[in-house]
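What the coordinates show
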Amino acid sequence: MNISFFLKPKAEVSYLTEDCPVRQALRDMMKSGFTAIPLVDPKGRYTGTITEGDFLRLLLEHPAEQIDRMTAGEVPRRVRHRSVGIDARMEDMIELVSAQNFVPVTDGRGMFCGIITRRDVIQFLRDSCKKG
């Protein structure tokens, strides 16, 4: 089954742009209530996922004056979250969601389209088992 049926579109998802100042990015993440958020470049291409841990390491390892001049795109990220293309199949998502709470979805140009959540994949698997 194609993942587009399960896609939470970009318009309904919290995400940050790389050029967002770090302090604003932290506020936006706290406001969202999520511990990880997709990161996109100014043109809307997915460039990675930034986590609370990434921000915590930044705060511990850099002086406040330096952080005040940084953007979300400059925050070192410990883990490289993988994305999938919009034409991916739900069955292909199992490995990814075992390591990520959500999987970013991109189109053929790398533009961020939205996410598929771990919950959606687990519900799909549960429903598949019931039919099986």
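Structure shown above.
Criteria and cut-off values
Residues numbered from 1 in each chain as written. Predicted model: local features only at pLDDT ≥ 70, side-chain atom pairs only at ≥ 80, totals over all residues. Heavy atoms only, no water. Pairing = 2+ DSSP bridges. Helix = DSSP H or I, 4+ residues; strand = E, 2+ residues; numbered from the N terminus. Core = buried A, V, L, I, M, F, W, Y, C linked by side-chain atoms within 4.5 Å. Buried < 20%, exposed > 50% of the residue type's maximum accessible area, 1.4 Å probe, protein only. Contact = heavy atoms within 4.5 Å. Phe/Tyr/Trp six-rings, centres within 6.5 Å; stacked < 30°, edge-to-face > 60°. Axes fitted to C-alpha atoms, helices over the stretch in contact; angles between N-to-C directions.

**Let's talk about the sheet that holds strand β5 (residues 84–85)**
Read across the open sheet, the four strands follow the order β1-β7-β6-β5; overall the sheet is mixed. Looking at strand neighbours, the two that pair on one side only are β1 (8–9) and β5, the edges of this open sheet. The pairing of β1 with strand β7 (residues 112–117) spans two bridges and is antiparallel. Residue pairing in the sheet places Pro-9 in a bridge with Gly-114 of β7.

**Describing the nonpolar core**
Counting 15 residues, the largest nonpolar core has Leu-16, Val-22, Ala-25, Ile-50, Phe-55, Leu-58 and Val-75 as the members making the most contacts within it. Elements represented by at least two residues in this core include exactly α1 (22–32), β3 (36–40) and α2 (52–61). Setting aside chain neighbours within four positions, we find Val-22 in contact with Phe-55, Leu-58, Ile-67, Met-70, Thr-71, Ala-72 and Val-75. Counting 14 residues, the second largest nonpolar core, distinct from the first, contains Met-93, Val-103, Cys-113 and Ile-116.

**Examining the packing of aromatic side chains**
Within this structure, the stated rule accounts for four aromatic pairs. Geometrically, the ring pair formed by Phe-5 and Phe-6 is edge-to-face, given 5.2 Å between the ring centres and 90° between the ring planes. For Phe-5, a relative accessible area of 68% puts it in the exposed group. Of the residues examined, Phe-6 reaches a relative accessible area of 15% and is grouped as buried. Among the aromatic residues, those joined into a cluster by ring pairs are Phe-5, Phe-6 and Phe-124.

**Some words on the sheet that holds β3**
The sheet built from three strands is open, its strands ordered β2-β3-β4 with mixed pairing. Whereas interior strands pair on both sides, the edge strands pair on one side only; in this sheet they are β2 (16–17) and β4 (46–51). Where β3 meets β4, five bridges bridge the pair, whose relative direction is antiparallel. Counted as the bridge partner of Pro-38 is Thr-49 from β4. Packing against the sheet, α1 makes contact with β2, β3 and β4, and its axis sits at approximately 135° to β3. Across the sheet, α2 is in contact with β2 and β4; its angle to β4 comes to roughly 70°.

Keep in mind these numbers describe shape, not what the thing actually does.
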